[in-house]
Amino acid sequence: MDGRPQRDAAARRSERMNADGNGREAISARIRELGPWFHNMDIGGVWTAPEHFLGNYPFIKWRKFAGSIPEDLTGKTVLDIGCNAGFYSIEMKRRGASRVLGIDFDDRYLSQARFAADATGISVEFRKMSVYEIGALRERFDIVLFMGVLYHLRHPLLALDLLREHVVGDLLVFQSMQRGSPDLVDLDGDYDFRRADIFEDPRYPKLHFVEHRYAGDPTNWWLPNRCCAEAMLRSAGFAIHGHPEEEVYFCGLAERPHGVAIPSLPMGVPA
Ligand SMILES: C[S@@+](CC[C@H](N)C(=O)[O-])C[C@H]1O[C@@H](n2cnc3c(N)ncnc32)[C@H](O)[C@@H]1O
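Residues numbered from 1 in each chain as written. Predicted model: local features only at pLDDT ≥ 70, side-chain atom pairs only at ≥ 80, totals over all residues.

This part takes up the overall build of the chain. When you go through the chain residue by residue, the secondary structure sums to seven helices and eleven strands. Residues counted as buried form 34% of the 271 residues belonging to the chain. Once local pairs closer than 6 in sequence are excluded, the contacts in the chain between residues at least 24 apart make up 61%. (Helix = DSSP H or I, 4+ residues; strand = E, 2+ residues; numbered from the N terminus. Buried ≥ 20, exposed ≤ 12 C-beta atoms within 10 Å, placed from the backbone. Contact = placed C-beta atoms within 7 Å.)

In structure tokens, the structure reads:
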């Protein structure tokens, strides 16, 4: 289904909403009802998160790497993992992607995403699914967005392994919050058991464990430094082709090092 009639109807609705004050009031009310929002988006002239602590987010991040993604995604399939309110899913569809699937495990965010896409006249499929379940999709996508999710996971490497094993077809767009040293270091492939000094180097790959909260958020579990974010990507079998923004990486598929075995998932892996 190309979604055209659905798109046109939604576009007409969106125009109507823009046109009159009643429509705008209805949008404001729905935005309030669905809040709080993490994605700040303009829906029919109403902003969803104008007081966002990061500013106009995620636009301020998107604008720094948008130019590195092809303007024309005609014929491409896109999977947006941890899509939240759908900002990136909608941008991918605006560039003509033939199919965009946004997944998230949070019902409220999915409701926001469905509302935002519908009100903007954009046809995106949103589905409730955890990153740990992506094997069930049984599909590889030309582009997989995995933005702002890694540090929210208790099992970040498992998630990267699953992305590599099941869904990334060509390009992985990865982003993670980073903390610690932003500098890279050349490391040997191995060190003698008695060499402990390397671990004192702040540039050594480090994944900082947050037992309680960081930035008031109890779902921030693991914060990598730069070396660690890059090493984890390589270790999961991704080759880094681009680094258009300090936290964003463009990756292709590479051989998995050391014959990493992908576990078949038991039921109930925690989110
Ligand atoms: C910081 S937001 C990032 C949203 C968006 N990708 C972006 O970059 O702006 C993290 C999102 O990941 C989702 N998330 C966290 N853990 C997840 C999991 N295990 N499976 C799917 N989504 C998850 C959250 O619900 C939230 O929407």
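Another point: the sheet that holds strand β6 (residues 141–147). Pairing is mixed in the open sheet, where seven strands are placed in the order β5-β4-β3-β6-β7-β11-β10. Edge strands, defined here as strands with exactly one partner in the open sheet, are β5 (125–128) and β10 (238–245). Here the strands of the sheet are splayed against their neighbours by 20° on average, with no regard to which way each runs. In terms of strand pairing, strand β3 (residues 77–81) meets β6 through four bridges, oriented parallel. Within β6, the residue paired with Ile-81 across the bridge is Phe-146. In the packing of helix α5 (residues 107–120) onto the sheet, the strands contacted are β4 (99–104) and β5, and the crossing angle to β5 comes to about 170°. (Pairing = 2+ DSSP bridges. Axes fitted to C-alpha atoms, helices over the stretch in contact; angles between N-to-C directions.)

This part covers the nonpolar core. Counting residues in each nonpolar core, the largest one holds 61 residues, and the members touching the most others are Val-144, Leu-145, Leu-163, Leu-172 and Leu-233. In this structure, Leu-163 is in contact with Val-144, Phe-146, Val-168 and Leu-172, ignoring residues within four places of it in sequence. (Core = buried A, V, L, I, M, F, W, Y, C linked by C-beta atoms within 7 Å.)

Right, let's talk about the pairing of β3 for a bit. Among the five residues that make up β3, four are buried, leaving the element largely enclosed by the rest of the structure. Sheet topology note: the β3/β4 ladder contains five bridges and is parallel. Residue pairing for β4: Ile-81 is matched across the bridge by Ile-103. In the classification by handedness, the crossover that spans β3, the intervening helix α4 (residues 87–94) and the parallel β4 is right-handed. (Right-handed = clockwise from strand over helix to strand, strands pointing away.)

Helix length check: α5 (14 residues) gives 20 Å between terminal C-alpha atoms against 20 Å at 1.5 Å per residue, within 8%. Taken together, the buried positions of α5 are occupied by Tyr-109, Leu-110, Gln-112, Ala-113, Ala-116, Ala-117, Ala-119 and Thr-120. Directly beyond the C-terminal end of α5, a positive phi value near 75° is found at Gly-121. (Expected span 1.5 Å × (residues − 1).)

Right, let's get into the confidence of the model for the chain. Residue-level pLDDT values for the chain average 91, and 89% of them are 70 or greater. In the predicted structure, residues 1–7 sits below a pLDDT of 50 and forms four contacts with residues beyond four places in sequence or in another chain. (pLDDT = per-residue confidence, 0-100.)

Secondary-structure assignment places His-243 in strand β10. The class for His-243 is partly exposed, based on 15 C-beta atoms found within 10 Å. Each C-alpha atom, one on His-243 and one on Gln-175, is 9.9 Å from the other, the two residues being 68 residues apart in sequence.

Counting buried residues in α4 gives seven out of eight residues, a clear majority hidden from the surface. Listed as buried for α4 are Phe-87, Tyr-88, Ser-89, Ile-90, Glu-91, Met-92 and Lys-93. Looking one or two residues past α4, Gly-96 carries a phi angle of roughly 95°, positive in sign.

Let us now look at unusual backbone geometry. Residue Gly-35 is joined to Pro-36 through a cis peptide bond whose omega torsion reads 0°. The topology assignment puts Pro-36 in the loop between α2 (21–34) and β1 (42–43). That bond from Tyr-57 to Pro-58 is cis: its omega, 10°, falls within 30 degrees of zero. Relative to the elements of secondary structure, Pro-58 occurs in the loop between β2 (46–47) and α3 (59–65). For Asn-84, which is not glycine, the phi dihedral falls at a positive 55°. Of note, Asn-84 is situated in the loop between β3 and α4.

The buried fraction of β6 amounts to six of the seven residues, a majority that puts the element mostly inside the structure. In this view, the connection linking β6 to its parallel neighbour strand β7 (residues 168–175) by way of helix α6 (residues 156–167) has right-handed handedness.

This part takes up the environment of Ile-27. Inspection of the secondary structure assignment puts Ile-27 in helix α2. Between the C-alpha atom of Ile-27 and that of Ala-119, which follows or precedes it by 92 residues, the distance is 8.7 Å.

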